[in-house]
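A closer look at the structure
Read off the chains here:
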Amino acid sequence: MLRPSWSRVIVFSAGFLLAVALTGCSVFDRAEGSTTPPGGTPAGEGASAPTGPRRVSLVQKLGADSPVRSLDVEPNGRWACRDCAGDGVNSTGELAPDQVQRLQQMLADPGLAKETDEARQYKLACIDALTSTLLIPPGLTITSQDCPGEERPPVGGEILLLLTQATPAEVRG
């Protein structure tokens, strides 16, 4: 017969090992780069958009040899721009309240999951064009180029348009 102190140690150890095993399974279940959120439904396959305000980043590059331009927009509408007009100037600002509301509505649109590079199997088509990539946590990436005849994804294109109209970022190269 086990003494009471040892039985507590065994029960505690078993509980601890079970918790570690369950946590380990959830960690290893999500491979690096996976688009599967902790809930288990991959993005673009009936996944619902996260609730609450979201941030968005716009990364742009004009051709292969130009520096990267970036714009980060916080959920409250504050933005920081690093060379986003391609002129070497860094700046900050804030979206108007109606722009913040519109942006957050678009970022919550479940249709964004169908506009990701992965869902569209997007491939860059032009050389020396302005390439714009929207990064929307958790894990949505939507790329488009300023190429003749290329159509932008509907919601992603509207987000890009709003950001370029309200900040120094550009929609065309």
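As the structure is a prediction and not an experimental result, all values here were calculated from the model. (Residues numbered from 1 in each chain as written. Predicted model: local features only at pLDDT ≥ 70, side-chain atom pairs only at ≥ 80, totals over all residues. Heavy atoms only, no water.)

A word on the overall build of the protein
A count of helices and strands for the protein gives 4 helices and 6 strands. N-terminal to C-terminal, the α/β element order of the protein is α-β-β-β-β-α-α-β-β-α. Across the 173 residues of the protein, 32% fall into the buried class. Across the protein, every contact between residues at least 6 apart in sequence was considered, and the portion connecting residues at least 24 apart equals 50%. Carbon and sulfur atoms provide 58% of the accessible area of the protein, an area that totals close to 10700 Å². (Helix = DSSP H or I, 4+ residues; strand = E, 2+ residues; numbered from the N terminus. Buried < 20%, exposed > 50% of the residue type's maximum accessible area, 1.4 Å probe, protein only. Contact = heavy atoms within 4.5 Å. Areas by Shrake-Rupley, 256 points an atom, 1.4 Å probe, with all protein chains shown as cover.)

Describing the nonpolar core
Core analysis: the largest hydrophobic core is formed by 23 residues, its most contacted members being Leu103, Ile136, Ile159 and Leu163. Of all the secondary structure elements, the ones that give two or more residues to this core are strand E1 (56-62), strand E2 (69-73), strand E3 (78-82), helix H2 (97-107), strand E5 (130-136), strand E6 (140-145) and helix H4 (154-166). The biggest single contributor to this core is H4, with 5 residues. Dropping the residues within four chain positions of it, Ile159 is found in contact with Leu103, Met106, Leu107, Leu112, Leu134 and Ile136. (Core = buried A, V, L, I, M, F, W, Y, C linked by side-chain atoms within 4.5 Å.)

Section: the environment of Lys61
On the secondary structure map, Lys61 appears in strand E1. Between the C-alpha atom of Lys61 and that of Thr133, which follows or precedes it by 72 residues, the distance is 8.9 Å. Once you skip the residues sitting within four places of it in the chain, Lys61 turns out to touch Ser66, Pro67, Val68, Ala129, Leu130 and Thr131. For Lys61, the side chain forms a polar contact with the main-chain oxygen of Ser66, separated by 2.3 Å. (Polar contact = N/O pair within 3.5 Å; in protein donor to acceptor, adjacent residues only side chain to side chain.)

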